[in-house]
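Residue-level structure breakdown
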Amino acid sequence: MRSQLYLLASRLFNQPTAEHLAVLQHLMTELLQTTSSEVPWRETLIALKPQLKYEENRETEYSRLFILAFPNTTVQPFGSYWLENDQCLMGRSTLEVKKMMAEHGIEIAEDTGLLPDHIVSELEFMALLASQDNEKALQTQQQLLEQHLALWIPRFIAALRAANPASYYQLAADFLEQLIESEIRSIK
Amino acid sequence: MSTHNNFDPSRRAFLGATVGGTALSIAGLPSQALARINAPHPHEKLKETTEVFGFCDMCYWGCGLKIRSRNGLAMKIEGNPEHPNNWGVVCAKGNSGIMVAYAPNRLKYPMKRVGERGAGEWKRISWDEALDTVAKELKKIKEKYGPQALAMIGHGTWEKPYHRLAHAFGTPNTTSPVFGLCCGPRGLSNAVVTGRNLTGNETIDLENCKYFLMMGRNITESLHNGETLGWLNGVANGAKVVYFDPRYTITASKADEYYAIRPLTDHAFLLAMIHVVVNEALYDKKFVAEQTVGFEELKQRVQKYTPEWAASITDVPADIIPRIAREMAAKAPSVFVYAPRRLTRSANDLGTGLSITILNTLFGVWDRKGGIFSSIKFEVPEIDLPKFEHAHIAKRIETGGDFDYSGDVPQAHFVDEQGKIQRADGAGVMGRWPLANAQYGLTNEMWKAMAEQKPYPVKMLITAGGNGFLNSTDYKTIRQALMNLDFYVAADVIPNEMNMYADIILPEASYLERYDDLQIGGGKEGYVAVRMPAMKPLHDTRDAWTICKQIADRADLGQYFPHDSIKELIEERLKKAGHSLAEIEKKGILKVPADPKENFRGEQGIPSVFPTPSGKAELVPSILKMMKFDDTLDYVEQVRPDEDEFHFTFARIGFHTHARTQDNIWTAEFMPENLLWIHPDAANKRGIKDGDLVKVTVRDGRSEQIKVKVTLRIRKDTVFMVHGYGHFDKRMTTAYKKGASDSNLASYAQDPRVGSISMGQSLVKVEKV
Amino acid sequence: MTKKYVMLADTTRCINCKACVVACRAEWGTPMGHSRDWVKEVEFVEEGKPQVMLFPGRCQHCDDSPCVEACPSGAAYKREDGVVLLDHDICSGCELCVGACPYEARWLNPETNTISKCTFCQPRVDEGLDPACVQTCVGRALIFGDMNDPDSEVSRLLKEKEWQQLVTDEVSIGPNHYYYTAGQSIPDEVKPKMPERHLAGKTMEIINPIGAIGIAGMALAFLGAGVMKFIGRRNEVSTSENKEEK
C-alpha cells in the first residue's frame, strides 16, 4: 500500500509520456479500490484519475516546470538544490542518498538521465523500501524521510505552486504533500 | 603610517599590553596555550582522489589541467605543471569549472521547441528524436536551398566536430567570433606584414623581454595564465613596462609608466613612434636592410606623424615619444610592442595593428631572445577523410585562435574560386571583405547575412556554445537573424540568451565529463594534450563528436566520422604520430623539447622565415598595395564625444570569460554586478555620487541602467564597465538582471577594410535615474 | 629541526584574479558567502594619481595567537610547525576566537557549526603538497615553505627582499605571513584590527552550552585536565573527518 503510494508519487513527477501514464492509470485504479475513505489523499486521487490521459501539452508543462523554464524559474526536482548551501547538484546530500541506495544494492540506471536525489529516484526508492519487510528497509525509510524528503519536499511543493502549474501538477503537488505529511506524522 | 618590520628570524613579537590583558583574562584563568600546542589533536587527513588530465574550456587559451575526483565526481581542478600554456597554475575561471558540471540549471536533456521561437517553451525528447529531426532538417535545407544555406557558429574548445559536420555537409559558412569580433585585425596585421601567425597563444619570449610597450593590453585582468605568468616573470626579471589605457587598470598599477591615452587614438601614438624610430635611425639596421622591404616608402608615409601631432590627438605628452623610442632601441631586440588582446575597437583597427607589427619589425624582434620566437609544433596527422567541398575553409587548425595563413593563404583565400559558392559573410571574398580570414569568418557579418538573407538565403543555423547576443553588440540583428531561420539547433552546456531561440537543444557533456579531439599547440616546445573524462556525464548529455557523428550517420555523411567514438579517433591520430593514448594519459601531454636553434634563429644569424610575396617582412604590405588598401597605414579621424558625452569602454576582468561565466556561482560571488566607472569631476557635474543608479544612453538610443563607481582611475571623457553582465535570460538564475550589458551599448560599426566589428565607437550620455 | 611554516605574498606579482580564493573553496568545500582566504584591492590617491595595491590574505598563523588564547574548549591550537589549527571534534562554535582574531580570518561555518579558517592547507602540506592557493596562484605571488630550512625558497626570498608583516603598534603578535610591497608602506585597510574584548560573564554564558562539562568541568578544561577529557572523547571517533568536505 505505502509502496504503491510512493510509486504513484514517483510516476506523477516523471515525464508524462503515454507509457508512464498507462502505468499511472493502472496504479491509480488499484489504489482507489484499496484505499479507505479516510485517507487524506482520496479526494485528490479521485480528481486526478480522469486526467491520466496523454496530452502533449502536459509534456510541455512538465518541461517548463521541472527542466527548462522560461520566463519563470525552474522548480528544480533535485534534493540537493534545496538542501545544499550552494544549490548545486551532486552535493553531500545526494551522495548520502546514493550511499543509502547502494546499501540496498541498487543504483540509478544509466539511461534514465536521473540523479539519485531526483524526486523520481527518491520516491521510487521509498516505494522499493516500503515493499520490503525488514528492519534495515525501515531504518532507511525513516532516514530518507526525516533527513531528506521532509526537509525539501515542502519547499519544492511551495515553489511548484508558485509556478502556477496546470491542474494535473496542482493535484500532484497536493497528493505529494498529503503523502509526505502523513508519513511524517506516522513516523512520529 | 605603516609599521615596517624588517625580517628578523630571531624576533619574536608579543601581544601588546591591551590585547594580551584581554586575551589572558578570559574566564579569569591562566592561559594553557603552550600545553595545547603539544596536545595530540587529530590532524585532518587529505582525502584520496583520483586524477585525470584535461585542458580547460573556461576560456580559449587552453590551459593544461589535472582534475581530481572523489566518489566518481570531479571536485577540484588543478594545473598540469607540464603544460606550456599555464605551467601548473589555474585562474579563478579555471578553478570554477567544477561548478559548470554541478550547476542546477545546466542543459540536461535534448529539448524540442513547442511554442513560438524564443518564447521558451520546450519539451524533453529522446536523443533519437533530436538527432533524427536535425538530420531531416539538414536534408530539407539542402534540397530546398543548397548546402550553403547552413551556417555554423562555434565558440568553445569543443566546437571542432560541428565545423567538420558543416564542412562535410558542404557549406562554406562556418564561423567563430575570434576573427570578426576579437583578434582579427591584430592577426591580419602580422599576417600581411610578415606572413606569420601571432594571434592565439602568442609566441612572445616574455621572460626575457626587457621593455614592454603595452597598448591597452591589460594582461593582468584580460588574463591567460601562461601569458600573464610569463609577463610577470619578465617584469620581475627587470623589464620596463610602459602602459597606455584610458583606465587605470591593475596592469597600470604594475607599470613603470602609465599614460591615460585618449580612447581610440593608439594608432596616432604608434605612428609617431614609427616616425621617431625611422627618422632617428633607431631601428635594427641590419635586420631592416636584410630582411625587410618597403622601408623608404614607410619613412615617407610617416613624415607627417610627428610627436607633437600625436600629442594633440592622444593626450600623451610629445616629449615621451622620442624618449620611449630611444629607450626601446637601446634594449632591442628584447622589446615588444604589445597589441590589445581584442583589437576590434576603432575606425582603423587594421592600421593600429599594422603600426604595432611594423614597430616590432623595425626593432628586429623576430626570432630573437626577448622578442618573438618561432614555435615548434608537435606533428599529429589528421585522420584520412574524404575531400571537403570548401577545402581551404575546412582546413582549420586544432585549437586556439591562430589564423591559418600558412601555405596557399593569404593570397588564395580571396581569389575567386571557379564555380564555388562564396561565404555568405563575405570573408575572403573579392569585392566584399577579401582580407577577412575565411577559416574563421566574420561572425558579425554572418549574423547580418541571416538577418537580411543576403547575399543568399541562410536558413539553418547550428551553434556550438557561444552567445550571439552578449558577445556581439547588435541585439536587433541577432534577434532578426534567429527569427528568419527555418531551423536552429543549439548545442551547449548552459542556457543563455541565444540558445533560448533554438528549435532543438542538444545538451553537451561538460568538459569534465568527456573525451575530445586532441589539443595541438606550440610554444618554445611543441605539444599535444588530451582531455580525459574526470566523471561520467551527470545528465542525459553527450560529447560534441558523438553528437556530430550521430547526426552525420543520419544525414548520409557518416564517411566524415568513421570512428565509433572520439576516443577511438584520438587513439588513431596518436598511433599515426607514433604514440598511444595510454602514453599521453600518463601526464596528459606529450612534448617535443624546446630548441633554441629553431625558436631563436635570429640569435644564430639565420634569417627569419617570412612567407610573404617578397619573402621578406613587408613594411608596406604588398597585399594591401595590390588591393589599394594601403591607406590603412594612415591615421583616420576617430569619433569624439560632445561636451555632455563620454567614450564608452568595456573590458574583461580576471575572473570572468566574456559573457559565459557570470552564471557560475563561484566566479559570480566576486562581483555580483558590474559598475559604471566615472571620473569624480564628470560625476559632480551631473550630481552623481558613488553607488547611484544611472542610465547610460548611446547616440542611437540604446540604453542600460547601472550603478556607479566614482573613481580617479578613469579619464574624464570616458566611462567603463566590466564586460559580460546584464544577462536577460531568466534561466541564468545567478546572472539574470545583474548589472548592465556593455554589449547592448557598444557600437557595431566595422573596420572599413577588414569587416570586423569596431565596438569602441559608441558615445554615451550618463544621467542619474 | 622543527619546521616553521610561513607564507610569503609578493604583492607586486598579485593581480587580484581570485584564483586562490576559488582553489581554496574547491579544496575545502567552504559554504558560499564565506571564504578562508581573500584578496583585498586597496585604492588610494598619491600626488593626485590613482594607485592600487593588492593584498592576498588569510589566517596569519601568529606566533602568539589570540584565537588559541580565546578558545575555551581547547579546539584552537598551534602545531609545533607553527600552523594554527582547529580540532573540529571539540569546537563548540562559541565564536570567541572570531572576535579575538585581529585579521578577521575566522568564521562560524553554518554547515558544521564549528569554526573555519585557513589551515595553511595542513592536510595537503602533510602530504608534501603546496597549499591550494599557492599551487594555483597565477602570478606565483604566494610562496609557502619552512623558514627553518635554510635551503627553502622562503628562506632565500626572506633574505633577498625586504618583507613586512601586517602589524601595528597595538597589535603585533608575530604573524607568519610576510608581504613584499617593493618598499611601499602597508595601507591601514589591511592592518590588523584591535580584537574585541570579551567579558567573563558573557564567556561563561557561551561556553556553558558545550554540554555536560559544567562550570567546574570547564575550569578543569582550562587547567589541562580538560585536554585529557577531550582526548578521551576523541578516541571514540575513529577517523578525523573533514567536516567541510563536499
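The structure under discussion appears in the preceding block.
The shown structure was predicted, so the numbers you read here are calculated from the model rather than taken from an experiment.

This part covers the sheet that holds strand β3 (residues 73–79) of chain B. Residue and element names in this part refer to chain B. On the basis of which strands lie adjacent, the open sheet formed by three strands has the order β1-β2-β3 and antiparallel pairing. Whereas interior strands pair on both sides, the edge strands pair on one side only; in this sheet they are β1 (50–55) and β3. Geometrically, the sheet is characterised by an average inter-axis angle of 30° between neighbouring strands, direction not taken into account. One ladder, built from six bridges, connects β1 with strand β2 (residues 64–70); its direction is antiparallel. From the neighbouring strand, Thr50 faces β2, where its bridge partner is Ser69.

All names here are of chain B. The element β2 is largely enclosed, with a buried count of seven among its seven residues. On β2, burial covers both faces: Gly64, Lys66, Arg68 and Arg70 on one face and Leu65, Ile67 and Ser69 on the other are all buried. Bridging between β2 and β3 involves six bridges; their strand directions are antiparallel. Across the sheet, the residue bridging to Arg68 is Lys76, located in β3. Hairpin geometry of β2 and β3 is characterised by an intervening segment of two residues between the two adjacent antiparallel strands and by a positive phi of about 55° at Asn71.

What follows covers the nonpolar core. One finds Phe13, Phe156 and Leu176 of chain A together with Tyr102, Tyr162, Met450 and Leu482 of chain B to be the most contacted residues of the largest nonpolar core, which totals 183 residues. Sequence-distant contacts of Tyr102 of chain B, that is, excluding residues within four places in its chain, are made with Cys88, Leu89 and Met90 of chain A together with Leu73, Ala74, Met535 and Leu538 of chain B. Residues Cys183, Ile261 and Val277 of chain B together with Leu142 of chain C belong to the second largest nonpolar core, which totals 142 residues.

Our next topic: the sheet that holds strand β16 (residues 519–522) of chain B. Where strands meet in a sheet, backbone hydrogen bonds hold them as pairs that are either parallel or antiparallel. All names here are of chain B. Overall, antiparallel pairing links the three strands, which are arranged β16-β17-β18 in an open sheet. Of all strands in the sheet, those bounded by a partner on one side alone are β16 and β18 (589–592). Adjacent strand axes in the sheet meet at a mean angle of 15°, parallel and antiparallel pairs treated alike. Bridge count between β16 and strand β17 (residues 526–529): four bridges; the pairing is antiparallel. What sits directly across from Gly522, in β17, is Gly526.

Note the cis peptide between Ala332 of chain B and Pro333 of chain B, where omega equals 10°. Summarising the element assignment, Pro333 of chain B is placed in the loop between α14 (320–331) and β12 (335–338). Cis peptide bonds are those with omega within 30 degrees of zero, and the linkage from Lys454 of chain B to Pro455 of chain B qualifies with 5°. The topology assignment puts Pro455 of chain B in the loop between α17 (443–452) and β13 (460–465). If you check the backbone angles, Asn164 of chain A has positive phi at about 55° while not being a glycine. Within the fold, Asn164 of chain A resides in the loop between α8 (135–162) and α9 (167–187). Among the residues examined, Asn164 of chain A registers a relative accessible area of 60% and is labelled exposed. Even without being a glycine, Phe120 of chain C presents a positive backbone phi close to 55°. With respect to the secondary-structure elements, Phe120 of chain C resides in the loop between β7 (114–116) and α4 (122–126).

Calculation rules
- Residues numbered from 1 in each chain as written.
- Chains lettered and ligands numbered in written order.
- Predicted model: local features only at pLDDT ≥ 70, side-chain atom pairs only at ≥ 80, totals over all residues.
- Heavy atoms only, no water.
- Pairing = 2+ DSSP bridges.
- Helix = DSSP H or I, 4+ residues; strand = E, 2+ residues; numbered from the N terminus.
- Axes fitted to C-alpha atoms, helices over the stretch in contact; angles between N-to-C directions.
- Buried < 20%, exposed > 50% of the residue type's maximum accessible area, 1.4 Å probe, protein only.
- Core = buried A, V, L, I, M, F, W, Y, C linked by side-chain atoms within 4.5 Å.
- Contact = heavy atoms within 4.5 Å.

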